[in-house]
Amino acid sequence: MVIFSFTQCGTPPIPEKEILKADLTMLAGDSLQGRETGSEGERMAGDYIISRFKALGLQPKGTDGDFRQAFTYKPHPPIQMHDDGDSVSMGMAIVKEVEGHNVIGLLDNHKSTYIVIGAHYDHLGWGDENSLYKGEKQIHNGADDNASGVSAMLLLAERLGKRQLNHNVLFMAFSGEEKGLWGSNFFCKNPTIPMDSVICMFNMDMVGRMKGDSTLAVYGTGTSPLWPAALENANDDSLNFVFSESGVGPSDHTSFYLVDKPVLHFFTGQHEDYHKPTDDAELINYEGILLVADLIENLVVEIDDDTSIEFTKTKDQDSNDSPGFKVTLGVIPDYLFDGKGMRVDGVSEERPAHTAGIIKGDIVVLMGDHEVTDMQTYMEGLSMFEKGDSTMVSVRRGEEILSFMVHWD
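Residues numbered from 1 in each chain as written. Predicted model: local features only at pLDDT ≥ 70, side-chain atom pairs only at ≥ 80, totals over all residues. Heavy atoms only, no water.

1. Some points on the pattern of salt bridges
Working step 1: Throughout the structure, instances matching the rule amount to 22 salt bridges.
Working step 2: The residue Glu-36 makes a salt bridge to Lys-179 at a minimum N-O spacing of 2.9 Å. Remark: Lys-179 occurs in helix α4 (residues 177-180) and Glu-36 occurs in the loop between α1 (16-27) and α2 (40-55); sequence separation between them is 143 residues.
Working step 3: Residues joined in a network through salt bridges with shared partners are Glu-16, Arg-159, Arg-163, Asp-294 and Glu-297. (Salt bridge = Lys/Arg side-chain N within 4 Å of Asp/Glu carboxyl O. Helix = DSSP H or I, 4+ residues; strand = E, 2+ residues; numbered from the N terminus.)

2. Overview of the packing of aromatic side chains
Working step 1: Considering all chains together, one arrives at 11 aromatic pairs under this definition.
Working step 2: Ring centres of Phe-71 and Phe-186 lie 6.2 Å apart, and the angle between their planes is 35 degrees; on these two criteria the pair is classed as tilted. Separated by 115 residues along the polypeptide, Phe-71 in strand β2 (residues 68-73) and Phe-186 in helix α5 (residues 182-189) bring together distant segments of the chain.
Working step 3: Assessed through its relative accessible area of 2%, Phe-71 is described here as buried.
Working step 4: The class for Phe-186 is partly exposed, based on a relative accessible area of 26%.
Working step 5: For the ring pair Phe-202 and Phe-266, a centre distance of 6.3 Å and an interplane angle of 75 degrees mean the geometry is edge-to-face. One end of the pair, Phe-202, is in strand β8 (residues 198-204); the other, Phe-266, is in strand β11 (residues 263-267), with 64 residues separating them in the sequence.
Working step 6: Taken together, the aromatic side chains of Phe-174, Phe-187 and Phe-256 make up a single cluster linked through ring pairs.
Working step 7: Note that Lys-313 overlies the ring of Tyr-257, its terminal NZ or CZ placed 5.3 Å from the centroid. (Phe/Tyr/Trp six-rings, centres within 6.5 Å; stacked < 30°, edge-to-face > 60°. Buried < 20%, exposed > 50% of the residue type's maximum accessible area, 1.4 Å probe, protein only. Lys NZ or Arg CZ within 6 Å of the ring centre and 35° of its normal.)

This is the structure in structure tokens:
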């Protein structure tokens with residue numbers, strides 16, 4: 001495996017964009033075979049991150065004086081169908097325990113408090129149960145998901161190492177995120193630093209596909225009353241924010257929120273290459289990653305004089321009040337859309353929306369008699385239907401309102 005060196009005596013500094021690109025290209029390369037938790041590719045990716053942590057002067061903060069923190073997990077076994085000719089019986093597949101590794105480095109400023117900056121480095125390997133790709137197995141390189149977050153984290157480690165801060169900074173590359181937040185959950189239950197000294201956690205997951213309007217989704221803004229003003233102060237007017245208050249979401253910040261830590265999760269939006277082999281490095285917006293890194297660096301400086309940050313519980317999206325649903329339209333929502341309705345950012349072929357005639361860019365405003373004004377009301381609408389049902393779905397397409405009959409077979 002090639003280890004890139006960014007220290008060159010007697011030569012001009014390498015531009016940050018080129019360092020970002022080198023890190024991301026390495027982590028999203030075919031040689032790592034998709035970085036699936038417990039795989040050789042995960043180990044190689046961990047080796048690379050450790051080499052970068054060492055070069056940046058970070059101290060090991062895993063277990064036993066190492067950068068790695070091992071964890072084991074036994075996945076829920078898939079159900080297998082056995083047809084004996086007369087009847088179909090249910091059997092349970094044998095599932096082996098998986099060992100994954102968080103990679104943890106400490107910027108030790110000899111302070112009593114910690115800021116955690118994290119990003120998961122695992123992905124889907126050759127396409128696990130979470131893949132949205134329907135063809136023959138291919139490597140899922142996960143350039144945006146989440147080599148982008150890890151490369152941004154490494155850049156922040158370099159930048160913050162040059163500052164005089166009033167907090168230590170713990171940089172964490174999590175594994176097992178794609179399997180269910182295994183690594184971050186394990187760390188929060190088995191921390192390698194005193195958890196009561198952690199004042200907040202910043203998470204970067206999919207920050208590599210910023211769109212032309214420079215919109216950045218920030219989740220967890222309700223986990224501290226400090227966040228909205230601090231974020232606005234940290235922004236130099238280069239970013240357009242879409243805020244979400246909930247501290248619970250499908251990424252590693254959730255593990256820290258659940259142990260009562262203020263969190264923020266940064267995300268540049270969903271796209272059609274999500275969890276597919278086409279999520280590759282040539283599609284990355286490196287300038288966008290630099291904008292995210294600028295914001296987080298400014299935010300660390302903004303809160304540097306705070307000895308603690310007030311934590312608040314939020315109304316979480318997976319709480320008992322949140323809707324459950326048995327059907328989907330087969331679309332990728334635009335999580336950055338802040339208008340009225342639910343904007344479609346992608347449509348899966350041969351799924352209900354595609355069959356009905358709904359296309360990318362349509363804004364769902366009505367499902368049957370149920371008005372859709374945002375993501376929450378969209379999910380509430382889905383919860384009203386079951387397989388076998390049909391309903392009229394109305395969308396705004398340009399200046400027109402169009403209606404389509406959707407069937408869930």
